[in-house]
Amino acid sequence: MGLLSKAAVKAGDTEYEVREYHKTHPSFQCLVLEFPWEEKLSRMTANFGVAFPLSPENSLVLIPGGMDRELLAHRLSKSLPARILNQFQAADPGEALELLAPYR
């Protein structure tokens, strides 16, 4: 997908990751989790999206626009356990980054 390797992703790369994801997914969805990023989250989402840190305590999952975001949020919150802080659909990176700002 042209995204940074998960080992290289650090908090602060959010704008780059969102813009890169948007290149291949014009309509995408975001899930903000109160859960420190770890490889387990990346493995859980690798088949359908991408996960990376927003801050030391929050992670972001980007998924395609057509996926069932509510179901995925429920599954992730129960499996990790994590608290879903926000979830939304975005049509452009600027909109997504504005909505993600409070969690970074």
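Residues numbered from 1 in each chain as written. Predicted model: local features only at pLDDT ≥ 70, side-chain atom pairs only at ≥ 80, totals over all residues. Heavy atoms only, no water.

Asker: Whenever I open this one, the packing of helix H1 (residues 14-24) against helix H4 (residues 93-100) confuses me. Can you help?
Answerer: For any two helices packed against each other, one specifies the inter-axial angle together with the distance between the axes. The N-to-C vectors of H1 and H4 enclose an angle of 145 degrees; their axes lie 10 Å apart at closest approach. Every pair of crossing elements has a handedness; the one defined by H1 and H4 is right-handed. From H1, Thr14, Glu15, Val18, Arg19 and His22 reach across to H4, where they touch Pro93, Ala96, Leu97 and Leu100. Split into classes, the residues belonging to the contact of H1 with H4 amount to five nonpolar, two polar and two charged. (Axes fitted to C-alpha atoms, helices over the stretch in contact; angles between N-to-C directions. Helix = DSSP H or I, 4+ residues; strand = E, 2+ residues; numbered from the N terminus. Left-handed = near helix turned anticlockwise from the far one by under 90°. Contact = heavy atoms within 4.5 Å. Nonpolar A, V, L, I, M, F, W, Y, C, P; charged D, E, K, R; others polar.)

Asker: Which parts of the structure should I look at to understand the nonpolar core?
Answerer: Soluble, globular proteins show a tendency: their nonpolar side chains are buried together. Counting residues in each nonpolar core, the largest one holds 16 residues, and the members touching the most others are Val18, Phe28, Cys30, Leu60, Leu62, Ala96 and Leu100. Counting residues per element, the ones that place at least two in this core are H1, strand E1 (28-34), strand E2 (50-53), strand E3 (58-64), strand E4 (83-90) and H4. Other than its neighbours up to four places away in sequence, cysteine 30 contacts Leu60, Val61, Leu62, Arg69, Asn86, Gln87, Phe88 and Ala96. (Core = buried A, V, L, I, M, F, W, Y, C linked by side-chain atoms within 4.5 Å. Buried < 20%, exposed > 50% of the residue type's maximum accessible area, 1.4 Å probe, protein only.)

Asker: Help me out: how do you make sense of the packing of aromatic side chains in this one?
Answerer: Centre-to-centre distance and the angle between the planes together describe a pair of aromatic rings. On inspection of all chains with the given rule, the structure shows one aromatic pair. Between tyrosine 21 and phenylalanine 28, the ring centres sit 6.2 Å apart and the planes meet at 80 degrees, which makes this aromatic pair edge-to-face. The exposure classification of tyrosine 21 matches that of phenylalanine 28, with both residues buried. (Phe/Tyr/Trp six-rings, centres within 6.5 Å; stacked < 30°, edge-to-face > 60°.)

Asker: Where do I start with H1 in this structure?
Answerer: Because each turn of an α-helix spans 3.6 residues, side chains separated by three or four positions in sequence point in the same direction. The set of residues buried in H1 consists of Thr14, Glu17, Val18, Glu20 and Tyr21. Buried residues of H1 fall within an arc of 165 degrees about the axis and therefore sit on the same side. Among the structural elements, E1, E2, E3 and H4 are those in contact with the buried residues of H1. (Arc of directions from axis to C-beta.)

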